Amino acid sequence: QVQLLESGGGLVQPGGSLRLSCAASGRIFSIYAMAWYRQAPGKQRELVAVITSAGSTNYADSVKGRFTASRDNAKNTVLLQINGLKPEDTAVYYCNANIKQRRYDRFRDYWGQGTQVTVSS
């Protein structure tokens, strides 16, 4: 089994910073992409940032220049550094990973339980 555990959410004032962390554990042979999604109340879940095992990143236009994803492949972790937080960044942030549990398995998507980020004065 595979588990993704997020941490680092909280209540922050506009302009503040947070660092979200996600650690994958369990039977893992390989992880390709790790990503962060978010879902605000009444809205669809959206992709925020994705980082491949090679370190290539891609970001939603709304967060470019403020969010930075990084990854520690040895520890199966992905971080999301969030700077310049805005009220519209308020959402539950979910970690996602494409994981192969055994050498000849297919990659499958796994999700964390989510961590709340609230930006308010």
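Criteria and thresholds
Sequence order as written defines residue numbering, which begins from 1 separately in each chain. Residues qualify for local features only when their pLDDT is at least 70, as the model is predicted, and side-chain atom pairs are given and counted only at 80 or more; totals for whole chains, interfaces and linings, by contrast, use all residues. Hydrogens are left out, water is left out, and the side-chain values use all remaining heavy atoms of the structure. Note on conventions: DSSP H or I runs of at least 4 residues are helices, E runs of at least 2 residues are strands, and numbering of each starts at the N terminus. By the criterion applied in these results, polar contacts are pairs of N or O atoms within 3.5 Å in which, for protein atoms, one can donate a hydrogen and the other can accept it, and in which residues neighboring in sequence qualify only through two side-chain atoms. Contact definition: two residues touch when any of their heavy atoms are within 4.5 Å. A pair of strands counts as paired when DSSP detects no fewer than two bridges linking them. With axes taken as lines fitted to C-alpha atoms, and helix axes fitted only over the stretch in contact, angles between N-to-C directions fall between 0 and 180 degrees. Burial classes: relative accessible area under 20% of the type maximum marks a residue as buried, over 50% as exposed, and values in between as partly exposed (1.4 Å probe, protein chains only). Aromatic contacts are taken between Phe, Tyr and Trp rings whose centres are within 6.5 Å, Trp giving its six-membered ring; a plane angle under 30 degrees counts as stacked, one over 60 as edge-to-face, and the others as tilted. A ring is considered to have a charge above it if a Lys NZ or an Arg CZ atom is located within 6 Å of its centre and within 35 degrees of its normal.

A. Geometry of the side chain of D89. Among the structural elements, D89 can be located in the loop between strand 8 (77-82) and strand 9 (91-100). Of note is the side chain of D89, whose polar atom sits 2.9 Å from the side chain of R38. If near-sequence neighbours (up to four positions away) are discounted, D89 is found in contact with R38, R66, F67, G84, V117 and V119.

B. Layout of the sheet that holds strand 8. Taken together, the 4 strands give an open sheet; going across it, the order is 1-3-8-7, and neighbouring strands pair in antiparallel fashion. Looking at the sheet topology across the chains shown, the edges are occupied by strand 1 (2-7) and strand 7 (67-72). Ignoring which end each strand starts from, the neighbouring axes of this sheet average 15° apart. Relative to strand 3 (residues 18-26), strand 1 runs antiparallel, the two being bridged by 6 bridges. Along strand 3, the bridge assignment pairs L4 with A24.

C. Layout of the environment of S25. Turning to its location among the elements, S25 is positioned in strand 3. Residue S25 is classed as partly exposed on the basis of its relative accessible area, which comes to 36%. In this structure the C-alpha to C-alpha distance between S25 and L5, which are 20 residues apart in sequence, comes to 8.2 Å. If we skip the residues at most four places from it in the chain, S25 touches Q1, V2 and Q3.

D. The packing of aromatic side chains, seen in detail. One pass over the structure, following the stated rule, counts 2 aromatic pairs. The positively charged end of R45 is found above the aromatic ring belonging to Y94, 3.8 Å away from the centroid. Across the ring face of W111, the terminal group of R45 is positioned such that the distance to the ring centre comes to 4.7 Å.

Interpretation note: all reported values are geometric properties and have no functional meaning in isolation.
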